[in-house]
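# Coordinates in review
Take a look at the letters that make up each chain.
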Amino acid sequence: MQNLSYSFLDKKIIIRIKNRICESSDELFDSALCRQVVTRCVKELAKRQSLLARPFGALDVTKDKIQVFIETLRFLAKMDVDLVPKVVKGADGFLKDKVLFNDLIEHLYNFWRSFDRFIICDSTGFDLDQKPYRTFNTTIEHLMHLIRATYRDIQENLTGFHPKIYRQVRSGASVAAIAQGRPLWQGETFYAKLNAIAVMSQILLYPPLILEPPMNKRTGKFERVMVNPLERLTIDAKEWLGYPAKVGELIILIYFHNKFAELGFSLCNLFELADEKDLTRPPDAVFCYGVPRRLVEGLGASPTVFFDDEENQLLVGAIPEDDEFGYFGYLKKMVLTLHNIVMMKRGRLPYHGAMVRVILKGGRAATILMIGDTGAGKSETLEAFRAIGQDEIQDLIIIADDMGSLQIDSQGQIIGYGTETGAFLRVDDLKPGYAFGQIDRAIIMSPSKINARIILPVTTFNNVIQGFGVDMVLYVNNYEDVDDDHPVIERLKDKDQAMNVFREGTVMSKGTTTTTGIVHSYYANVFGPPQYKDLHEKLAQKYFTAIFKKNIFVGQMRTRLGLPGYEQSGPAEAARQLLALIRGNNR
């Protein structure tokens with residue numbers, strides 16, 4: 001392959017190309033990557049003394065035998081099996097048992113596809129990003145068809161049969177991106193070294209993408225430190241990639257190490273990708289995911305840290321490259337922590353919750369903010385609401401799935417904004433079959449483990465940043481059962497009572513972090529408010545005063561998601577009561 005470099009990390013292959021990729025099966029077999037894949041596959045078979053390694057004749061697989069094997073494949077892709085030994089010396093040793101050799105070909109093909117494969121098209125010096133579809137078509141799509149066609153030609157020439165069933169599996173890349181180095185950091189500051197990292201401008205995704213990251217839970221907290229963790233960071237540009245995210249109205253530059261490539265690329269289903277115009281202004285925050293442990297060790301009690309660079313009006317996040325931090329929740333929540341801190345500094349009140357605009361047939365409408373910690377039942381209630389109200393709902397607009405901010409406008413109205421265009425959901429808590437109904441655009445993580453997750457788009461960026469007047473503010477209570485004194489939806493009588501409920505942030509942990517049982521978090525939001533508690537408390541007083549002044553409905557909604565046996569029925573009943581409340585427009 002021309003102008004190509006690659007690296008193997010665990011079960012990932014990161015491939016970087018310039019202006020073109022191999023165009024024929026000959027170029028495919030001539031590539032160093034092909035040789036590396038074949039060598040790894042055969043040596044693994046030999047190590048476990050597999051029957052499939054018998055054509056190589058010995059446990060010590062030499063380079064010469066690998067070369068003969070590759071040449072046998074090269075000519076099998078072009079001619080009938082009986083002709084190959086006449087042009088490839090030594091091929092007859094591989095082709096004595098055609099059934100076994102066919103099984104070996106199948107295993108090699110599956111071995112290649114067992115890796116998560118990421119291709120980065122470096123557009124530096126080229127206009128690849130000007131016509132991205134053409135770029136993807138002539139590189140990524142072409143590679144997929146080439147590998148698949150070569151595999152099929154080999155099998156047909158070997159067996160003499162055409163398959164009766166053709167499975168169009170992804171045989172090229174799992175994800176691809178067009179990227180280039182950009183001078184986003186000006187001046188002589190140490191941030192300028194980040195300019196060497198290629199930043200994505202377009203992404204091609206083949207869903208469903210099923211990933212097995214190192215971890216399936218998040219623990220600890222994000223801690224503010226007094227030393228900038230990026231000061232001593234040295235950059236090998238080939239090991240990093242940048243995702244410029246539009247997080248609400250903010251631009252946050254996210255750089256991720258190859259170690260966490262599968263998680264970094266998954267950002268495309270959660271945050272809008274910034275465009276050229278967005279990148280003409282200074283970023284609001286920068287986050288390096290996968291830095292060496294030594295850079296953050298000892299800066300705080302936790303190695304997941306952020307620094308408030310007040311001199312440069314920039315927030316800086318860093319998380320080390322250890323396996324224990326290989327969970328998408330670390331990536332997402334650090335980004336949202338940085339967002340929340342910026343919002344507080346600008347006078348907005350951040351919230352951890354879901355916001356939706358519901359318009360019923362006949363004109364009834366309400367914008368509802370549901371605040372609650374991870375696992376409280378926000379997303380689950382929304383999905384139940386969508387299903388239960390399908391005959392009455394005219395439109396349901398998702399403004400925020402997990403995080404956002406409130407602003408008081410010049411008329412004293414409370415205006416709500418979101419951050420993400422996607423959702424990061426627990427598969428277990430969704431309505432049965434929902435995940436499969438969305439699988440054609442989903443990224444699924446750790447499907448065989450507790451806390452299996454799905455990432456999928458749920459709204460548009462315009463809905464996120466447009467700004468909607470808030471009609472209801474509900475605390476999502478997943479730990480209390482329902483009785484006469486504890487209704488599904490309970491209106492809170494005044495500001496002080498409401499602030500006490502929200503400030504306590506009580507939730508029954510669902511195991512999405514390492515905590516279990518009843519836990520408390522300040523305003524159900526450990527992502528910024530506790531680190532800037534004095535500032536947040538002043539904002540909370542101001543905003544709850546304004547909310548009650550406008551006679552906005554403030555209450556708590558009991559989803560019972562944390563109670564055994566109510567995982568589905570609890571959010572469903574909460575959704576029914578919420579629908580009834582909107583029908584009555586009870587404010």
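Everything here concerns the structure above.
What comes next concerns the included structure. Model, not experiment: these values are computed from the prediction.

The helix and strand inventory of the protein stands at 15 helices and 27 strands. Based on the C-alpha atoms only, the size of the protein along its principal axes is roughly 90 × 55 × 40 Å. Classification of the 587 residues of the protein by burial places 58% in the buried group. In the protein, of all internal contacts separated by at least 6 residues, the share reaching a separation of at least 24 is 77%. Within the structure as shown, the protein displays about 24,300 Å² of accessible surface, and the carbon and sulfur contribution to it stands at 50%. Of the side chains in the protein, 72 bear a positive and 71 a negative charge, and the two mean positions are spaced by 1 Å.

With respect to the element layout, Thr72 can be found in helix α3 (residues 63-76). Ignoring any residue separated from it by four or fewer positions in sequence, one finds Thr72 in contact with Val84, Val88, Ala91, Phe94, Leu95 and Phe101.

Looking now at helix α6 (residues 98-113). Along its 16 residues, α6 runs 23 Å from first to last C-alpha, staying within 8% of the 22 Å computed at 1.5 Å per residue. One side-chain oxygen at the N-terminal end of α6 lies 3.3 Å from the backbone nitrogen of Val99; it belongs to Asp97.

This part covers the sheet that holds strand β6 (residues 209-211). The sheet built from four strands is open, its strands ordered β6-β20-β21-β19 with mixed pairing. Two strands close off the open sheet at either side, each with one partner strand: β6 and β19 (422-426). Strand-to-strand twist across the sheet, computed as the mean angle between neighbouring axes with direction ignored, equals 20°. Pairing of β19 with strand β21 (residues 453-457), which is carried by five bridges, proceeds in the antiparallel orientation. Along β21, the bridge assignment pairs Gly422 with Pro457.

For the pair helix α13 (residues 495-504) and helix α14 (residues 533-549), interaxial distance at closest approach is 10 Å and the crossing angle is 135°. Taken together, the axis directions place α13 and α14 in an arrangement best described as oblique. Where α13 crosses over α14, the handedness of that crossing is right-handed. Seen from α13, the contacting residues are Lys495, Ala498, Met499, Phe502 and Arg503; seen from α14, they are Glu537, Ala540, Gln541, Phe544, Thr545 and Phe548.

Let us now look at the environment of Thr280. Within the secondary structure, Thr280 is located in the loop between β10 (272-273) and β11 (285-291). The spacing of Thr280 and Gln155 is 125 residues in sequence and 52 Å in space, taken between C-alpha atoms.

This part takes up the side chain of His352. As for its position among the elements, His352 is in strand β14 (residues 349-360). Residue classification places His352 among the buried positions, given a relative accessible area of 0%. Here the side chain of His352 touches Lys333 through a polar contact of 3.4 Å, side chain to side chain. A distance of 2.7 Å separates a polar atom in the side chain of His352 from the backbone oxygen of Ala524. If near-sequence neighbours (up to four positions away) are discounted, His352 is found in contact with Lys333, Met370, Ile371, Gly372, Asp373, Thr374, Lys378, Asp402, Met403, Ala524, Asn525 and Phe527.

At a closest axis distance of 11 Å, the pairing of helix α2 (residues 32-47) and α3 adopts a crossing angle of 115°. When the axis of α2 is compared with that of α3, the two are roughly perpendicular. By crossing handedness, the relation of α2 to α3 is classed as right-handed. Taken together, the residues of α3 that come into contact with α2 (itself represented by Arg35, Val38, Thr39 and Val42) are Lys63, Ile66, Gln67, Phe69 and Ile70. A class-by-class count of the residues in the contact of α2 with α3 yields five nonpolar, two polar and two charged.

What follows concerns the pattern of salt bridges. What the rule picks out here adds up to 32 salt bridges. The shortest N-O distance in the salt bridge between Asp122 and Lys18 comes to 3.1 Å. With Asp122 in strand β3 (residues 116-122) and Lys18 in the loop between β2 (12-17) and α1 (25-30), this pair connects stretches of sequence that are 104 residues apart. Classification of Lys18 as partly exposed rests on a relative accessible area of 31%. Linking Glu420 and Lys332 is a salt bridge whose minimum nitrogen-to-oxygen distance equals 3.5 Å. Taken together, the positions of Glu420 in the loop between β18 (414-418) and β19 and Lys332 in helix α9 (residues 328-345) put the pair 88 residues apart, joining distant regions of the chain. Overall, the relative accessible area of 0% leaves Glu420 in the buried class. Residues joined by salt bridges that share partners form a network here, namely Asp26, Asp30, Glu71, Arg74 and Lys78.

In total, this model carries 25 aromatic pairs according to the counting rule given. A centroid spacing of 5.5 Å and a plane angle of 35° characterise the contact between Phe69 and Phe94, whose relative ring orientation is tilted. Here the residue Phe69 occupies a position in helix α3, and Phe94 occupies one in helix α5 (residues 91-94), the gap between them amounting to 25 residues. Here Phe111 and Phe115 contribute two aromatic rings whose centre-to-centre distance is 5.3 Å and whose plane-to-plane angle is 85°, an arrangement assigned as edge-to-face. A residue is classified by how much of its surface remains accessible, and Phe111, at 7% relative accessible area, is buried.

Right, let's get into the nonpolar core. In this structure, Phe265 and Phe502 are the most contacted members of the largest nonpolar core, which totals 83 residues. Top element by residues in this core is α9. It accounts for 11 residues. For Phe265, the residues in contact, after removing those within four places along its chain, are Phe118, Ile120, Val175, Ala177, Met200, Leu241 and Phe256.

It is worth spelling out empty space enclosed by the protein at this point. Taken as a whole, this structure holds five cavities of 30 Å³ or more when the rule is applied. Approximately 310 Å³ is the volume attributed to the largest cavity. Looking at the largest cavity, it is lined by 16 residues, and the ones nearest its centre are Leu28, Cys34, Leu108, Trp112 and Ile147. Going through the elements one at a time, α1, α2, α6 and α7 (132-159) are the ones with two or more residues in the lining of the largest cavity. Residue composition of the lining of the largest cavity, grouped by class: 15 nonpolar, one polar and no charged. Taken as a whole, the second largest cavity holds about 260 Å³ of empty space.

So, how was this worked out
- Residues numbered from 1 in each chain as written.
- Predicted model: local features only at pLDDT ≥ 70, side-chain atom pairs only at ≥ 80, totals over all residues.
- Heavy atoms only, no water.
- Helix = DSSP H or I, 4+ residues; strand = E, 2+ residues; numbered from the N terminus.
- Buried < 20%, exposed > 50% of the residue type's maximum accessible area, 1.4 Å probe, protein only.
- Contact = heavy atoms within 4.5 Å.
- Areas by Shrake-Rupley, 256 points an atom, 1.4 Å probe, with all protein chains shown as cover.
- Lys, Arg positive; Asp, Glu negative; His and termini not counted.
- Charge placed at Lys NZ, Arg CZ, Asp CG, Glu CD.
- Expected span 1.5 Å × (residues − 1).
- Polar contact = N/O pair within 3.5 Å; in protein donor to acceptor, adjacent residues only side chain to side chain.
- Pairing = 2+ DSSP bridges.
- Axes fitted to C-alpha atoms, helices over the stretch in contact; angles between N-to-C directions.
- Parallel < 35°, antiparallel > 145°, perpendicular 65-115°, else oblique.
- Left-handed = near helix turned anticlockwise from the far one by under 90°.
- Nonpolar A, V, L, I, M, F, W, Y, C, P; charged D, E, K, R; others polar.
- Salt bridge = Lys/Arg side-chain N within 4 Å of Asp/Glu carboxyl O.
- Phe/Tyr/Trp six-rings, centres within 6.5 Å; stacked < 30°, edge-to-face > 60°.
- Core = buried A, V, L, I, M, F, W, Y, C linked by side-chain atoms within 4.5 Å.
- 1 Å grid on protein atoms, 1.4 Å probe; cavity = no way out; pocket = protein on both sides within 12 Å on 5 of 7 lines; lining within 4 Å.
- Points joined across faces, edges and corners; volume = space filled by probe spheres on them.

Geometric descriptors of this kind do not, in isolation, establish any biological role.
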